[in-house]
Every structure is written in structure tokens, then in C-alpha cells.
Amino acid sequence: MSVKEQQNLQQVIKKYDDFISNKLKPSLKAELDQRDGIFNTLSEFQKLKGQIELIQSQKLKELKTMVDLGSQFYAQAHIPDTQYIYVSVGFGFHVQFTLEEALAFIEKKENHLQKLADKHSEEADKIRAHIKMALEAINEVLTNVTKQ
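Everything quoted here is computed from the prediction, not taken from an experiment.

Asks: Before we move on, can you summarise the packing of aromatic side chains with the specific residues and values?
Replies: By the definition in use, this model includes two aromatic pairs. Centroid distance F97 to F105: 5.4 Å. Interplanar angle 25°. Geometry classified as stacked. The two residues F97 and F105 agree in class, both being buried. Here a set of aromatic residues connected by ring pairs shows up, and it is made of F45, F97 and F105.

Asks: Break down the confidence of the model for the protein chain for me, with residues and values.
Replies: The share of residues in the protein chain with pLDDT of 70 or more is 99%, and the mean pLDDT across the chain is 91. Ranking the elements of the protein chain by mean pLDDT puts strand β1 (residues 63-70) last, at 87, and strand β4 (residues 93-98) first, at 95.

Asks: Quick one: what's the story with the packing of helix α1 (residues 3-58) against helix α2 (residues 99-147), residue by residue and with numbers?
Replies: Between α1 and α2, the shortest axis-to-axis distance is 8 Å and the interhelical angle comes to 160°. What the angle tells us is that α1 and α2 run roughly antiparallel. Between α1 and α2 lies a crossing of left-handed hand. Looking at side-chain class alone, the contact of α1 with α2 contains 32 nonpolar, nine polar and 12 charged residues.

Asks: Could you give me a rundown of the pairing of β4, with the residues and numbers involved?
Replies: Judged from the six bridges that link them, strand β3 (residues 84-90) and β4 form a sheet pairing that is antiparallel. Following the sheet pairing, I85 is matched in β4 by F97. Between the antiparallel neighbours β3 and β4 lie two residues, among them F91 with a positive phi of about 55°.

Asks: Residues and numbers for unusual backbone geometry, please.
Replies: For Q72, which is not glycine, the phi dihedral falls at a positive 60°. Here Q72 is to be found in the loop between β1 and β2 (73-79). One non-glycine residue, F91, adopts positive backbone phi at about 55°. Along the chain, F91 falls in the loop between β3 and β4.

Asks: Please give an account of α1 that cites residues and values.
Replies: For α1, built from 56 residues, the straight-helix expectation of 82 Å at 1.5 Å per residue is met to within 8% by its first-to-last C-alpha distance of 80 Å. The largest bend along α1 reaches roughly 35° and is located at I20. Among all positions of α1, only L9, I20, L24, L28, E31, L32, R35, I38, L42, F45, I52 and I55 are buried.

Asks: Please give an account of the side chain of E110 that cites residues and values.
Replies: Following the sequence through the fold, E110 ends up in helix α2. Owing to a relative accessible area of 11%, E110 belongs among the buried residues under this scheme.

Asks: Summarise the environment of L24; cite the residues concerned and give the values.
Replies: Locating L24 in the fold gives a position in helix α1. Here the alpha-carbon distance between L24 and H130, two residues 106 residues apart in the chain, equals 7.6 Å. The contacts of L24, once residues within four sequence positions are left out, are F19, I127, H130 and I131.

Parameters at a glance
- Residues numbered from 1 in each chain as written.
- Predicted model: local features only at pLDDT ≥ 70, side-chain atom pairs only at ≥ 80, totals over all residues.
- Heavy atoms only, no water.
- Phe/Tyr/Trp six-rings, centres within 6.5 Å; stacked < 30°, edge-to-face > 60°.
- Buried < 20%, exposed > 50% of the residue type's maximum accessible area, 1.4 Å probe, protein only.
- pLDDT = per-residue confidence, 0-100.
- Helix = DSSP H or I, 4+ residues; strand = E, 2+ residues; numbered from the N terminus.
- Axes fitted to C-alpha atoms, helices over the stretch in contact; angles between N-to-C directions.
- Parallel < 35°, antiparallel > 145°, perpendicular 65-115°, else oblique.
- Left-handed = near helix turned anticlockwise from the far one by under 90°.
- Nonpolar A, V, L, I, M, F, W, Y, C, P; charged D, E, K, R; others polar.
- Pairing = 2+ DSSP bridges.
- Expected span 1.5 Å × (residues − 1).
- Bend = angle between axes of the 7 residues up to and from the residue.
- Contact = heavy atoms within 4.5 Å.

Below you can see the structure in the form of C-alpha cells.
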């Protein structure tokens, strides 16, 4: 193999490697980060659903609880009336719901978030397949060179 062919081969391999490193891997990380964010939100809604069901099953009219103010800093809170609750519906808006309305909203929100998470998982799988194909292309080029 001539020096020029080796240089061309190295350029091709570098292009594939750059494509994987600069395009595919960051795209994969972004998809997985978005999916993880959705799973965190989904988890919060599932916790809320459990708390609402506990309030309903115990028929609690008032409640004392610890509220996370952020950064693992908690404060005691007294809820004098558990008939209504405020739920974050997105974009900084909070809506007052009855417990039954909140459960219905949470059910719809969970379904929506799960669909979004599934889309991000599918996209991540596609990106992984592209990475695998690019690595196989590099391997194929190297295999062909060693056979010559």
C-alpha cells in the first residue's frame, strides 16, 4: 500500500471517528439526559399520586408533613384542609384540583410522559445503531487493509 493510500485511509477513519465523537455520542447523551429528566418528573407525579391515595384512604381532613424547600432542606408544614391541592401543570402554572381531579390529571400526565420517554428511548436506540454501524465501517476498512 502506498503512502498516499495510507493517508487517504487514515483520513477516512478519522472522519468516521470524528462523526462518532462529535455528532453521535453528544446526540446520544442529550437524548438520554432528556429521557432521564422525563423519568424524574414521572417519579414525582407517581409520588404525588401515592400521597393523594394515602390521604383518600385514611380520610385525612388535615395533615402535617415535611416539605422539601430545596437542597435537601425541609420545613414542617400544616395543611388545614386536604380537600384541594395545587398541582404544577407546566410552564410555571399551578392548578387547584380536588383530589379526584388531581388523580385524573396525574393519570393523563403519566401516560403523556411515558410516551415522551419511549420516544427518547427509541431515538437513543437509533443513535446507538448508527454508532455501531460507523464502528463496523471503520472495522471493515481496517480489515480490508490488513488483507491486502
